[in-house]
Amino acid sequence: MSFPVVLHPTWFRLVPLLLVLTPLSLAGQAEPSGPSLGEVWVGDVLIDGAPPPLAPETITRDERGRATVRAIRLAEPLQVDGILDEEIYRTTPPFGGLVQVAPVAGEPSSERSDIWVMYDDTHMYVACRCWDAAPPEEWVANELRRDSNGLRQNDHFGVMFDTFYDRRSGFMFYSNPLAARADYSVIDEGGPNSDWNPVWEVRTGRFEGGWTIEMAIPFRSLRYRSGPDQVWGFQVRRSIRHKNEWAYLNPVPAFLAGPQALNRVSAAGTLVGLDLPDAGRNLEFKPYVITSTTTDRLQAPTVENRWDGDLGIDVKYGITANLTADLTVNTDFAQVEVDEQQVNLTRFNLFFPEKREFFLEGRGVFDFGRGGAGGGPGARAGDTPFLFYSRRIGLEQGQVVPIDVGGRITGKAGPFGIGLLNIRTGGVGAFGLEPTDFTVVRLKRDVLRSSAIGGMFTRRSMDTSGMGSSRAYGVDGTFSFFQNLRMSSYLARTETENRFGDDRSWQGTVSYEGDLYGGKAEALKVGEDFNPEVGFTRRRDFRKGALSARFSPRPASLASVRKFTWEASLDYFEDGAGRMETREQGGKFDVEFENSDQFTLEGERVLERLANPFPVGRDLILPVGEYRFSGVRAAYQFGSHRRISGTASLRHGGFFDGTLTSLGFSRGRMVVNNHLSVDPGLTVNWLDLPAGELRQVLLRNRVDYAFTPLMFASALLQYNSNDRTFSGNLRFRWEYHPGSEVFLVLTDERDTHPEGIGLRNRALVFKATRLLTF
C-alpha cells in the first residue's frame with residue numbers, strides 16, 4: 001500500500017488563489033448578474049419593461065404565457081414515498097398547464113400534470129401527479145440505470161433550477177415511473193454535464209389515472225444565494241414518450257422540439273417565495289481504497305498476475321456559494337469504462353470523449369471558442385481545435401500515466417466565470433515520460449444577457465518531445481441575440497520548443513437556428529505549428545470556409561409526418577500556401593415521423609488533393625494526387641423509445657480512386673425487460689481500390705443489467721478486425737450509501753491473429769469509496 005502524505009507544491013499554489021478569489025466572490029454576490037424581475041429579455045434584447053411579478057397564490061402567467069410560481073414553505077420535512085398523501089397536497093392547490101413544444105408547439109399538453117414546489121430548512125421538494133389516460137402497459141418505462149440515455153427516452157418528469165437567476169446555468173433532475181434518476185448541470189447553456197452526481201432522493205407511485213413522483217433535493221447538493229425573498233429560474237419538463245410528446249412549464253422555442261429545451265435556461269420561468277438557509281461552506285472528503293491484479297504482455301518486461309493496492313482521496317470545499325475548490329491525491333480512474341473503438345477512414349486524428357469523473361465535473365467553465373464541452377461525452381471534434389482537452393492529462397499513447405496530485409477551482413465570482421486547474425503527473429520510465437505539471441487558467445465575463453467574453457491560458461511543463469515547456473493562450477467571445485441568432489469567435493496562439501512557423505489559430509461563426517429556416521457561416525484557420533499540447537487538433541495548416549442552409553417545414557396535411565428537412569452545405573479547405581486541399585459539397589433530405597422514427601438520405605461530392613501518401617489500412621496506401629469522388633448514404637432510425645431501436649445505414653459510392661460500401665447499425669438498443677438491455681453496434685466497410693481490397697469490421701455489444709436504480713452491472717464487448725483484437729470490459733457498480741460506491745471491474749484484451757500472442761492484457765480491480773460530509 002502507498003499513500004502520499006507530503007504536501008505537493010501544487011497545494012501551496014492554490015493558497016494565494018483562495019485568498020484572492022474569496023473576497024472577490026463575496027463582493028460579486030452583492031448584485032445578481034441575471035435580469036431583474038422588472039425586465040423581460042429574449043437573448044440580449046430587452047423586449048418588455050413589465051413590473052416585477054408579485055408572489056402568486058401558486059402560479060401566474062403573463063400575456064406571453066411565462067410562468068411565475070410560488071414555492072411553499074413547509075413547517076416539517078416531507079415524507080418522500082411517492083404516495084402524495086400528506087396534508088399539503090389537500091390544502092394547497094397544485095399548478096400545471098404545461099405547454100407542448102412537440103408535436104404541436106404552443107398547444108396545451110395532452111395530459112394533465114398537478115405540480116407542487118416546496119421547501120424546508122434542508123431540502124427542496126418537487127412533486128407531481130402525472131395523469132395519463134393510457135394504461136400502464138403502454139407507458140414507456142423500462143430503464144433503471146442512473147443517467148442513461150435510455151432514461152431520457154422514457155416517460156418522465158423533470159425540473160431545472162437556475163439558482164442564481166442568471167438565465168445561463170442550471171441544475172436538472174428527472175425520473176421515470178420506475179424511480180430511476182438522472183441529474184446533470186449546464187453552464188452558460190452549453191453541453192450538459194451528466195457526470196455531476198449530487199445526493200438526492202426520488203420515489204414514485206401509481207394511482208388510478210397515472211403515476212406520481214416526489215423529489216427531495218438537499219440544499220447542500222446545490223449552489224445558491226442565501227437569504228429571504230430569493231428568486232430562482234425554474235422550468236418543468238414532462239415527456240409523454242408513448243405519444244412522442246414533450247411539454248414544458250414555460251414556453252420554449254419550437255426548434256428545440258425535444259429534451260434539449262430544458263437546457264435553454266434563458267427560456268425558464270420564475271420561482272419566488274424562497275427564504276433560503278445559509279449555504280454554508282460545504283466540505284466533502286471522498287477517500288478510496290483499491291486492489292488489483294494485472295497481466296500485461298505488451299510491456300517490456302511483461303507483467304504476469306501482479307497484485308497491487310493503493311489509497312487516495314478527493315476533497316471538495318465550497319469557497320463561496322458559487323465557487324468550489326477540488327483537491328485530489330493519488331487519483332485513480334480504474335472504474336471508468338474503456339473507450340468505444342472507432343474505424344478511421346480519414347487521414348486525420350481520431351477524437352475520443354472524456355469519461356473520467358474528476359475532469360468532467362465543472363468542465364463547462366473550460367469551454368473555449370467552439371462552445372464545446374472540453375472533450376466531454378457531448379463534445380465533437382470537427383475541425384475546430386480544443387485549446388484544452390483533458391485527455392492530455394493522465395493518458396499518453398493509450399497508456400495510463402499516474403496522477404500524483406491536483407487541484408481545481410471552478411465557479412463564478414459575480415459576473416466572472418473562473419476555472420483554474422493544476423495537475424502533476426508522475427513519470428513513466430517505460431515510455432520515457434518525465435513528471436509533468438499541467439496548468440489551465442480560464443476566465444470569462446458575462447456581458448449583455450446571454451453573451452460572454454473571455455480568455456484562456458494553458459501550460460505543460462514538459463512537452464511530448466521532451467525538449468521543454470509549451471504554452472497556449474487565446475481570447476474568445478460568444479454572443480446570443482433573440483432566441484435564434486448566435487455568433488462566436490476566438491483568436492489563439494501556442495508556443496512550443498523547436499516550432500517557429502505559423503502558430504496561430506482563429507475562427508468566426510454566425511448561425512441562425514429557427515424552426516423553419518436555419519443556416520451557418522464559418523471561417524477557420526489553423527497554422528502549421530499551432531500545437532496546443534494540453535489540447536486537441538484534428539488537422540493543421542489549413543484555412544476553411546463553410547456555409548450551410550436548412551429548410552424544415554412541418555406539413556399539416558400529412559398526419560404521419562412531423563417534419564421535413566432539406567439541407568445543403570459547402571466546406572472549402574486551403575493549405576497554408578493557399579492551395580485548395582479539400583472541397584466537400586453535401587445535400588441531405590430528412591423525414592421525421594410522428595412515431596419518432598426518422599429517414600435520412602444524403603449525398604456528397606468530394607475533391608481531395610493528397611500531398612503525402614495516405615495509409616487507409618494494413619498494406620493499403622493511396623498515392624499522392626488529386627481525387628474526385630461522390631457517394632450516397634441512406635439511414636433509418638427507429639424511435640429511441642421503442643423496445644428495439646437504433647439506426648441502420650448503408651453508404652455506397654466512390655472513395656478516392658476506388659469504391660467504398662459501408663453497412664452500419666449504431667445507437668442500437670434492445671430492452672429485454674425493465675432490468676436487462678442489450679446495445680449492439682456494427683460497422684462493416686468494403687474497400688475496392690486499385691491498390692487492393694480491404695474489409696474492415698468493428699463489432700460492439702453492450703449488455704446492462706440494473707438490479708436497482710443504485711446497483712447495476714454492464715459488459716462492453718468489442719471486436720476490431722483492423723487491430724485484430726477482441727476486448728471485454730465488465731463493470732459492477734453499487735451506490736451503497738448516498739455518494740459512496742463499490743466497483744468491481746474486469747478488463748481483458750486478446751489478439752485474434754492466428755500467429756498472435758493471444759492474451760494481450762487483463763486486469764481485475766476492486767475499488768470502494770466513501771463520501772464524508774461536514
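Residues numbered from 1 in each chain as written. Predicted model: local features only at pLDDT ≥ 70, side-chain atom pairs only at ≥ 80, totals over all residues. Heavy atoms only, no water.

1. Re the overall build of the protein
And then number 1: The helix and strand tally for the protein stands at four helices and 45 strands.
And then number 2: Radius of gyration (C-alpha) of the protein: 26 Å, near the 28 Å computed for a compact globule of 774 residues.
And then number 3: Judged by the C-alpha coordinates and their principal axes, the protein covers about 75 × 70 × 50 Å.
And then number 4: Looking at the 774 residues of the protein, the share that counts as buried comes to 53%.
And then number 5: Surface accessibility of the protein: about 33,200 Å² in total, with carbon and sulfur atoms responsible for 57%. (Helix = DSSP H or I, 4+ residues; strand = E, 2+ residues; numbered from the N terminus. Rg over C-alpha atoms; globule rule 2.2 N^0.38 Å. Buried < 20%, exposed > 50% of the residue type's maximum accessible area, 1.4 Å probe, protein only. Areas by Shrake-Rupley, 256 points an atom, 1.4 Å probe, with all protein chains shown as cover.)

2. A short note on the environment of Asp723
And then number 1: Relative to the helices and strands, Asp723 resides in the loop between strand 41 (711-720) and strand 42 (725-737).
And then number 2: On a C-alpha basis, the gap between Asp723 and Val343 in space is 9.9 Å, while along the polypeptide they are 380 residues apart.
And then number 3: Beyond its immediate sequence surroundings of up to four residues, Asp723 is in contact with Gln341 and Arg760. (Contact = heavy atoms within 4.5 Å.)

3. Let's talk about the sheet that holds strand 8 (residues 123-131)
And then number 1: Sheet architecture is open: five strands sit in the order 5-7-8-13-12, paired in mixed fashion. What marks the edges here is a single partner per strand, and that holds for strand 5 (72-73) and strand 12 (201-207). (Pairing = 2+ DSSP bridges.)

4. Topic: the pattern of salt bridges
And then number 1: One pass over the full model with this rule turns up 54 salt bridges.
And then number 2: Put simply, Arg146 and Asp183 hold a salt bridge, and the shortest N to O gap is 2.6 Å. Note that Arg146 is positioned in the loop between strand 8 and helix 3 (149-152) and Asp183 in strand 11 (residues 181-186), a separation of 37 residues in sequence. For the residue pair Arg146 and Asp183, the accessibility class agrees, reading buried in each case. (Salt bridge = Lys/Arg side-chain N within 4 Å of Asp/Glu carboxyl O.)

5. Focus on the environment of Val336
And then number 1: As for its position among the elements, Val336 is in the loop between strand 19 (323-331) and helix 4 (357-360).
And then number 2: Assessed through its relative accessible area of 18%, Val336 is described here as buried.
And then number 3: Taking the C-alpha atoms as reference, Val336 lies 34 Å from Asp619; in sequence the two are 283 residues apart.
And then number 4: For Val336, the contacting residues outside a window of four places in its chain are Lys355, Arg356 and Arg731.

6. Some points on the side chain of Glu111
And then number 1: Within the secondary structure layout, Glu111 lies in the loop between strand 6 (99-102) and strand 7 (113-119).
And then number 2: Residue classification places Glu111 among the buried positions, given a relative accessible area of 11%.
And then number 3: A polar contact of 2.9 Å, which involves the side chain of Glu111, links it to the side chain of Lys243.
And then number 4: Excluding residues that lie within four positions of it along the chain, Glu111 makes contacts with Trp131, Asp132, Ala133, Arg238, Ile240, Lys243 and Glu245. (Polar contact = N/O pair within 3.5 Å; in protein donor to acceptor, adjacent residues only side chain to side chain.)

7. Re the packing of aromatic side chains
And then number 1: For the structure shown, the criterion picks out 35 aromatic pairs.
And then number 2: For the ring pair Trp566 and Phe589, a centre distance of 5.2 Å and an interplane angle of 40 degrees mean the geometry is tilted. Placement of Trp566 in strand 31 (residues 561-575) and of Phe589 in strand 32 (residues 580-593) is noted, with a sequence separation of 23 residues between them.
And then number 3: Residue Trp566 is classed as partly exposed on the basis of its relative accessible area of 41%.
And then number 4: In textbook terms, an aromatic cluster arises when at least three aromatic residues are bridged by ring pairs, as seen for Phe161, Phe219, Tyr224, Trp232 and Phe234.
And then number 5: Just above the ring of Tyr174 sits the side chain of Arg237; from NZ or CZ to the centre is 4.8 Å.
And then number 6: Over the ring of Phe542 we find Arg539; its NZ or CZ atom is 5.2 Å from the centre of that ring. (Phe/Tyr/Trp six-rings, centres within 6.5 Å; stacked < 30°, edge-to-face > 60°. Lys NZ or Arg CZ within 6 Å of the ring centre and 35° of its normal.)

8. Quick look at the side chain of Asn330
And then number 1: One can find Asn330 in strand 19.
And then number 2: Separated by 2.6 Å, the side chain of Asn330 and the backbone oxygen of Leu311 make a polar contact.

9. Some thoughts on the state of the cysteines
And then number 1: Per the stated rule, a full pass over the model turns up zero disulfides.
And then number 2: Free cysteine: Cys130, not disulfide-bonded; nearest cysteine sulfur from Cys128 at 3.4 Å. (Disulfide = S-S within 2.5 Å.)

10. Describing the pairing of strand 14 (residues 227-240)
And then number 1: For strand 14, the buried fraction is high: 12 of the 14 residues fall into the buried class.
And then number 2: In the sheet, strand 14 pairs with strand 16 (residues 269-276) via five bridges, with the strands oriented antiparallel. Its bridge partner being in strand 16, Gly227 is matched across the sheet by Leu276.
And then number 3: Two elements, strand 14 and strand 15 (residues 245-248), share four bridges in a ladder whose sense is antiparallel. For Ile240, the partnering residue across the bridge sits in strand 15 and is Glu245.
And then number 4: Linking two consecutive strands that pair antiparallel, namely strand 14 and strand 15, is a turn of four residues; a positive phi of about 55 degrees is found at Asn244 within it.

11. A closer look at the nonpolar core
And then number 1: In terms of nonpolar packing, the biggest core is built from 40 residues, with Phe157, Phe161, Phe173, Trp232, Phe234 and Leu271 touching the most fellow members.
And then number 2: For this core, the secondary-structure elements that each account for two or more residues are strand 4 (67-70), strand 7, strand 8, strand 9 (156-162), strand 10 (170-175), strand 13 (210-218), strand 14 and strand 16.
And then number 3: Excluding residues within four positions of it along the chain, Phe161 makes contact with Met124, Val126, Ser169, Gly170, Phe171, Phe173, Ile217, Trp232, Gly233, Phe234 and Leu271.
And then number 4: Counting 25 residues, the second largest nonpolar core, distinct from the first, contains Phe366, Phe388, Leu421 and Val440. (Core = buried A, V, L, I, M, F, W, Y, C linked by side-chain atoms within 4.5 Å.)

12. Observations concerning unusual backbone geometry
And then number 1: Geometrically, the link from Ala102 to Pro103 is a cis peptide bond, its omega value of 10 degrees lying close to zero.
And then number 2: Among the secondary structure elements, Pro103 is positioned in the loop between strand 6 and strand 7.
And then number 3: The backbone of Asp188 shows a phi angle near 55 degrees, a positive value even though the residue is not glycine.
And then number 4: Structurally, Asp188 is set in the loop between strand 11 and strand 12.
And then number 5: In this structure, Glu189 is a non-glycine residue whose phi angle is positive, near 55 degrees.
And then number 6: Within the element layout of this structure, Glu189 appears in the loop between strand 11 and strand 12.
And then number 7: Given a relative accessible area of 16%, Glu189 falls into the buried group.

13. A look at the pairing of strand 38 (residues 658-671)
And then number 1: Pairing between strand 37 (residues 644-655) and strand 38: 11 bridges, direction antiparallel. Directly across from Arg651, in strand 38, lies its bridge partner Ser662.
And then number 2: Adjacent in sequence and paired antiparallel, strand 37 and strand 38 are bridged by two residues, among which Phe656 carries a positive phi angle near 55 degrees.
And then number 3: Here strand 38 pairs with strand 39 (residues 676-689) via nine bridges, running antiparallel. Paired with Val671 across the bridge in strand 39 is Ser677.
And then number 4: In this antiparallel pair of consecutive strands, strand 38 and strand 39, the connection spans four residues.

14. Quick word on the environment of Leu516
And then number 1: With respect to the element layout, Leu516 can be found in the loop between strand 28 (504-513) and strand 29 (517-526).
And then number 2: Note on Leu516: relative accessible area 36%, which makes it partly exposed.
And then number 3: Taking the C-alpha atoms as reference points, Leu516 and Leu151, 365 residues apart in sequence, are found 29 Å from one another.

15. Considering a nonpolar patch on the surface
And then number 1: A cluster of nonpolar side chains, Leu717, Phe726, Leu730, Leu744, Leu746, Leu764 and Phe766, forms an exposed patch at the surface whose accessible area comes to about 540 Å².
And then number 2: The set of elements that each furnish at least two residues to the nonpolar patch consists of strand 42, strand 43 (740-751) and strand 44 (759-769).
And then number 3: As for its position among the elements, Leu764 is in strand 44.
And then number 4: Of the residues examined, Leu764 reaches a relative accessible area of 38% and is grouped as partly exposed. (Patch = residues over 30% accessible without salt bridge, like charges linked within 9 Å, V, L, I, M, F, W, Y side chains within 5 Å.)

16. Some points on the confidence of the model for the protein
And then number 1: When pLDDT is averaged across the protein, the result is 87; 90% of the residues are at 70 or more.
And then number 2: Every residue in residues 1-55 scores below 50 in pLDDT, and together they form 117 contacts with partners more than four places removed in sequence or on other chains.
And then number 3: Throughout residues 371-380 the model reports pLDDT below 50, and contacts reaching past four residues in sequence, or to other chains, amount to 29 contacts. (pLDDT = per-residue confidence, 0-100.)

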